[in-house]
Amino acid sequence: MIAATLEWSGLKALIDAGDVAGIVQASRDLSAEQRRALADPLAAYERWLRVAGWREMFSSEFWSAIRAAHVACAISLPPAKLAVALTRGDLFRMPDDPVDPVAAVLEILRARDMPWLADLADRLAQWLPAGDARRAGAAAGVWRLTAALVATTGIDPPLTEGYVTGWAGVPWERTDEELADEIRRDRRLTPLVQRLFEVDGAAIRAGAFVPLAWEGVLDRSVLIDGGLARLQRGGPPWQLEQVISLLDALAPSLDEVAQRTADYMALLPASHRLPAELGQRELRRLDDAGRLEPGLLADISATVLYRREHKLVRAQLDWLDAIARRDPARGAEVLRAVATAFGQESADLQRRALTVARRHARHADARTRAELAEAAVALRPELRERAAAAFGRPAGAVAPEADDMPRRTAKRVPPLAAEPLAVPDRLADPIGSPAELVAELHGSDALNRWDASFDPVWAERVLAALVAFSSQDRAGLRHALRGLSDRFFGYDMPLSRWTGHPDWAAREKTMFGEPTAPRLLDYLSETTELWSVIGSAATAPDCLGAERFPESVAGESTWQRAFAESEPSGPQRILMRRLHEISIGISYAPRPLLMATPTSPSGLLDPGVLLARIERAADEGWEPWELDLEQALLRLPPDVDPATGPRARRLGTTAAGRLAAWLDGGGMPGLEVTRWDTRGDTWPGTVAAVTPARAGGPVPSLLSDLELAEPGRWLRSARIVPAWDDYRCAAWFPCWPAMLPAHRDVIAAHLVPLFAIEAASRGYRSRGVAARNGSMRVLSLLAHADGPAGPGLTLVLGYGLTGRERAVQEAAVRALLILVGRGQFDGVAFGREFGALIASEGLPLSGVGLALRQARQAGAGGPVWGLIAAALPALLPPAVARPPHNLSELIELGADIAEDVRPAGPVPAGLAEVAARRGAARYVQEARRLVKALSPG
Amino acid sequence: MANTGYSYAYACPSALDEPARRLGLQTSGGQALISPGPHPRFFTGFLAHPGAAAAGLLAVARVAQERYVLTGPAAAMFRDPVVTCNGDRLRFESFSGCGGVYARLDVLSGALDGEVHDRGTTNVDVNEPLRRALARVGGGDPLHLAVGPDELAVTTLDGREVEKKVPLPARWLRGFAEIQVIMARCDLRAELTATEAVRFLRSLPAGAAGSAGTRVARGRWRGAQWVVPAGRGVRIDVEPVPGAVCLAGAHRLGALAPLLRYVRGLRAYGPAVTAGSLPCASAWEVDLPGMRLTLGLSPEAHRGFSGEGAVLEALAAGADGDADLIGALLAFEPRVETDSLAERSGLAAARVREALVRLGTMGRVGYDLAEAAYFHRELPYDPGRAEQDNPRLRDARALVAAGAVTVDGDLVTVWVTDHARQVRFAPGGGASCTCDWWEKYRDSRGSCKHVLAARMARDEVGAPGPAGPSASAGAPESMRVPEPGARGGVR
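Residues numbered from 1 in each chain as written. Chains lettered and ligands numbered in written order. Predicted model: local features only at pLDDT ≥ 70, side-chain atom pairs only at ≥ 80, totals over all residues.

1. So, the packing of helix H48 (residues 887-901) of chain A against helix H50 (residues 922-934) of chain A
All names here are of chain A. Here is the rule: The angle between two axes is taken between their N-to-C directions and runs from 0 to 180 degrees, where each axis is a line fitted to C-alpha atoms and a helix contributes only its stretch in contact. Runs of H or I in DSSP of at least four residues are treated as helices and runs of E of at least two as strands, each being numbered from the N terminus. For classification, angles of less than 35 degrees are called roughly parallel, those exceeding 145 degrees roughly antiparallel, those between 65 and 115 degrees roughly perpendicular, and all remaining angles oblique. Definitions for this section: a left-handed crossing has its near helix turned counterclockwise from the far helix by less than a right angle. A right-handed crossing has that turn clockwise. We call two residues in contact when the distance between their C-beta atoms, placed using the backbone, is within 7 Å. The nonpolar class holds Ala, Val, Leu, Ile, Met, Phe, Trp, Tyr, Cys and Pro. Asp, Glu, Lys and Arg form the charged class, and all remaining residues, Gly among them, are polar.
It is at 8 Å that the axes of H48 and H50 come closest, and there the two elements cross at 20 degrees. With respect to their mutual orientation, H48 and H50 come out roughly parallel. The chirality of how H48 crosses H50 is left-handed. Contact residues: Leu-887, Ser-888, Ile-891, Glu-892, Gly-894, Ala-895, Ala-898 and Glu-899 in H48; Arg-922, Tyr-923, Glu-926, Ala-927, Arg-929, Leu-930, Ala-933 and Leu-934 in H50. Here the contact of H48 with H50 is composed, by residue class, of nine nonpolar, two polar and five charged.

Have a look at this one:
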């Protein structure tokens, strides 16, 4: 046998082989001296494996060796060191392990026969991680070892957080019945149950504990008290549910609840609704049995009626109503409690509270009446009137008309402050030096934060600087950019890794002596093209001075193929093609400046400035790059000084000729945006189409990219939102409006599907992209841009308003407020389109009322009313068979505004019919209120 | 000093005697003005509005036990709240385990009726039975409150001493101290009436506070929101606008939810923002009957206050003789008056203010937003040492000591192992760098170590002039950036 003569070399061989069974075998019959001799090399080898062995972390041999080493530590290490070693590795048994490492450690320890096993168990129990039961699974091996040691030594089970968490475990490790049996067999485990409630994250196994409580093995009061304490502390819903199911299954008797009244009351302000619901239910049960101390009702109601959950508030009002019906003598007490609910926002809850209050008004004494009259100030005007009829007016209040009149003026809600939402009206100065350019690139949000987006002004400034310095100070620019290429974007990556063009990659190789072959990105995006521009500027200017733009450069066909395969959408194509042209141009035909750099933050270009640039080109004898000039033309405002055209024509250059022809032709050839209902053909049913408005004249090639005649096909095939990189893609959306700053509707049309998908949360590829920083910012930028607010913008904002994500809805409201502030929002027209959209797409109105309420808060009550009034006819029967989900919120807001400002104009079609209906559906009640507010007198 | 330990020693556990309505808060350590000792005794008397006071204390205790993001190992060791007696008021402070949320309950003189025995700062024991008992306190008669051991209890000490050992991570300590400096830079941006305050707090995403664990606000959007005053209330914007207050991780206001019924008003404080601002810190102050509860939130849920670097420049400037002088003049005032301090110390008001900032980083003053003034309190810990050992500051000093900084007018080159960082000083006094930190946070989180080192070196060289000589003869050879041709492989 080796055992008798086990030397370190033999043990090391066993460890390397991962032979746990062999180690156990060999460790038998070792003398204390032999064990001592093995201790140092063993500890040293375990350490070496850990420190040096991480390189092997992908080999299974390494892992089995290190586990074997940890098992082997049991042969000779003293308890303190052994505990550390055992907790370092995981003693998890792999499916193909012949021997369970935990059993192996136990066997070795047993053979060693040391008196400190209890001490070891204690140390391991201290180490075991507490908290989430699911995380304790990672330490499952250590837990099993500890439990086995506890069983072997016969000590009391430890009460550390980690031990009890592991002990409760998870149902798939040990069923409830097995756990219950274990406790029946060993009553020393009952303290662990009590401890479980004190450890946040430990599982509460109702299925195991409840039968034991009925049998008398576990103390019911321990379970109930523990459960209540745990609920008061809170936690994730799944844990709360465990505790609540335990308490429900225990079915506390009235005596038990009565003893713990204060504990149940302490559940009422809980963060989560579940504990509060339990508390309310049990206290009500107590009260129904006549065992709730009367003085507590006010406290209970005050807490519950402040909560946000309608269900809880309604239940509390019902309870109060029942008390007053049962015992009219308590009417005054009930009335004072009900008054708290007057402060709830929802008209429905206010109405319910008032109904209860009026029902029992006759029981009120003078003081209570005064209190209720005071509290009624928080009610909506119509309800306030009813409250006044029942309880009188608050002391010191003036006559109702005089009280209400000032509220109807604009003084109460200050008029919309457009200023905070305005963009700066002037651009920052151009970038002055290559070093400043590098600082700009470093300081950019979008290049450095995964959740940020590119700022259009930043992008144009950086492009202008790259082009200018490439031509004026190429050496300085290259020097500055080298610091950038050294380390950027958090990675040590040569620029070539970020470009899609083989030419820059190859040249970088010659420049830096990059030893490995360049790797091309197989998918192009605006970001890869921006890197190409930077890469081009950073490489050797060996082709400087070319007069003409090159017909074709090396690697161009590869780029074209990748570009086609990337299937960019229209505006993406424009951006990418323009960036591509700049990257080629910088190397092969540098120009001292870009034509298209805007002169206003929204992207507009002053025609005089463009003419000056063209004049400079003519003076210096160069022609602008083609797409650059086209983009410049697209950025011209609609009204251009008529003298500009003739002045340009006199210059005689090609560029000047194009400008003159463009102006002669009336500017932009015009793209028409129409609402496109593709119902039955594809989803979403309603999108915007973009088609040429008139034929003839020179159409810039860039514009043809923006045609959107087949929205269905576009949605199906185009990679508007590549799944792998939606952050990067959305990051460029803010640059879209600046492509056509005077025709924002065209750009908006291209964004419609994105927000349509968000609204219905359908579609796999693009889910959630609308909730990115860039997507939300583009809404504001569209509102800041110029041009009609046509179907494209209406649809984008309409879908945005119904977005599933609250932040998207808020972004849409923000855009809406900007439009209102600029006097460009026609609430009625928008509302009509919005109503039709909701009805035809079957969208829910969840959160729309809340979002529009924010707009009203900001002072846009009038436009919001116009929107609601115009939208309602399409949303009410008979226009729709069933009103959309949460319509009541919208009508509620409408009624609130109507009560406030008493707008002129007819009652929206269909509303009166709905209001005349019987029933207590919320939207019917709100419709009644709205009709009343609109009726004169 | 990554991690030091701290042990609390209480004469007996804090307890609430429910039938007698007597709340006894036990104390441990800290400082007291008149009779310092292991268990300072500050107050005995009655506490009005017991329901609100109990809920406020629970909120402070909850923040101390909360981790709003999961960081590091799950060791559930939480620090007890700190209580300060300023004579006319009691302040209970706590700081979340994640280091991103600060809570303070100011119990004002209107809610206190009793005897002040001493002024000072100490820890108070909060334990689970006390927490449960506080949760049971309803309205009704005033609660009898004792901060510090009862004289009766002291004489009959029966070996019920409580000892709690907790780790004090340096980042937690630094954050606790630094928040005072950050709060001093915040101004009132919005003030809401009780009705509007309740409406706003109710509208925040639900499912907020609870036990430790990661919280995800509803949905996918986890960016900062901006709360903008509008009409009588506020509205939420997705982008910063002037006058807005950043609300990052709205779930962190969840500790206020159980207090709704007591809320009498809400004030929001924050630094000035403009369009395009990065997320910033904010403070939310709730008026309760006779009390104020303030929550301070870090700029992002995963960011602790320790890394905000608000005081690095002041620390880098060195010399805190003024702070020592001013510190000696303080006597646990509820309001530190700069003018009177200036008069008594003979220092100019500006220097007094700087000294107060300095004292803040040492945990020796707190900032009360409602009063817009510092108050004197001495954290029972020693954050000053942690602050001195701030990693960025330490690294910057090491860089200067290694002579890795080359000054060339407004352009400073800092050599770090194998690469160089360029620090550019703008004419206005600001500075930019080419490191990752600057890329990510710009100047919203304090200077990076390169800028700090550059400032130190520039100050050493003398007045910053275009022709300033190099701080060192040049970087050591080993620190030189390799020539571009000799680029290393992918890291």
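Right, picking up where we left off after that structure.
2. A few points about the sheet that holds strand E14 (residues 225-230) of chain B
Residues and elements named next belong to chain B. Put simply, the rule is: Any two strands with at least two DSSP-identified bridges between them are counted as paired.
Reading across the sheet, the three strands line up as E15-E14-E16 and stay open at both edges, with antiparallel pairing between neighbours. Of all strands in the sheet, those with a lone pairing partner are strand E15 (233-237) and strand E16 (245-247), marking the two edges. Across the sheet, the axes of successive neighbouring strands diverge by a mean angle of 40 degrees, strand direction being ignored. When E14 meets E15, the two strands line up antiparallel, connected through five bridges. Residue pairing across strands places Trp-226 opposite Asp-237, the latter belonging to E15.

3. Observations regarding the nonpolar core
Note the cut-off: Defined on buried residues, the nonpolar core groups Ala, Val, Leu, Ile, Met, Phe, Trp, Tyr and Cys residues joined through C-beta atoms within 7 Å. With C-beta atoms placed from the backbone, a residue counts as buried when 20 or more other C-beta atoms lie within 10 Å of its own, as exposed when 12 or fewer do, and as partly exposed for counts between those limits.
Ranked by size, the top nonpolar core spans 411 residues in total, and within it Ala72(A), Val105(A), Val338(A), Val752(A), Leu782(A) and Val796(A) carry the most contacts. The residues touching Val338(A), leaving out its near neighbours within four places in the chain, are Leu317(A), Leu320(A), Ala353(A), Val356(A) and Ala357(A).

4. Description of H48(A)
All names here are of chain A. So the rule is basically this: By definition here, a helix of n residues has an expected span of 1.5 Å times n minus one.
In a regular helix each residue adds 1.5 Å, so 15 residues correspond to 21 Å; H48 covers 21 Å between its end C-alpha atoms and thus fits that length. By the criterion of burial, H48 is predominantly enclosed, with 13 of the 15 residues buried. One or two residues past the end of H48 sits Arg-902, with phi positive at roughly 45 degrees.

5. A few points about the sheet that holds strand E11 (residues 143-147) of chain B
All names here are of chain B. In space, the five strands of this open sheet follow the order E2-E3-E11-E5-E9, with mixed pairing throughout. Each edge of the sheet is formed by a strand with only one pairing partner; in this case those strands are strand E2 (15-17) and strand E9 (112-116). Direction aside, the axes of adjacent strands within the sheet are offset by 15 degrees on average. Inspection of the sheet shows strand E3 (residues 22-25) paired to E11 by four bridges, in the parallel sense. Bridge assignment links Arg-22 to a residue of E11, and that residue is His-144.

6. A few points about unusual backbone geometry
Excluding glycine, a negative phi dihedral is what most residues carry, and trans is how most peptide bonds are arranged. Following Pro877(A), the chain continues into Pro878(A) via a peptide bond in cis, with omega recorded as 10 degrees. Looking at the secondary structure, you find Pro878(A) in the loop between helix H47 (861-875) and H48. Located in the positive-phi region is Ala251(A), a residue other than glycine, with phi close to 45 degrees. Note on placement: Ala251(A) falls in the loop between helix H15 (237-250) and helix H16 (254-259). Phi is positive for Phe332(B), which is not a glycine, with a value near 50 degrees. Relative to the helices and strands, Phe332(B) is located in the loop between helix H7 (321-329) and helix H8 (338-345).

7. Some details on helix H21 (residues 331-338) of chain A
Two residues of an α-helix separated by three or four positions point the same way, owing to the 3.6 residues in each turn. Residue and element names in this part refer to chain A. Summarising burial for H21: seven of the eight residues are buried, a large majority. For H21, the full list of buried residues reads Gly-331, Glu-333, Val-334, Leu-335, Arg-336, Ala-337 and Val-338. Its buried side turned inward, H21 meets helix H19 (297-304), helix H20 (310-326), helix H22 (347-359) and helix H23 (366-375).

8. Description of the pairing of E3(B)
Residues and elements named next belong to chain B. Sheet topology note: the E2/E3 ladder contains three bridges and is antiparallel. Bridging across to E3, Leu-16 finds its partner in Leu-23. Linking two consecutive strands that pair antiparallel, namely E2 and E3, is a turn of four residues; a positive phi of about 55 degrees is found at Arg-21 within it.

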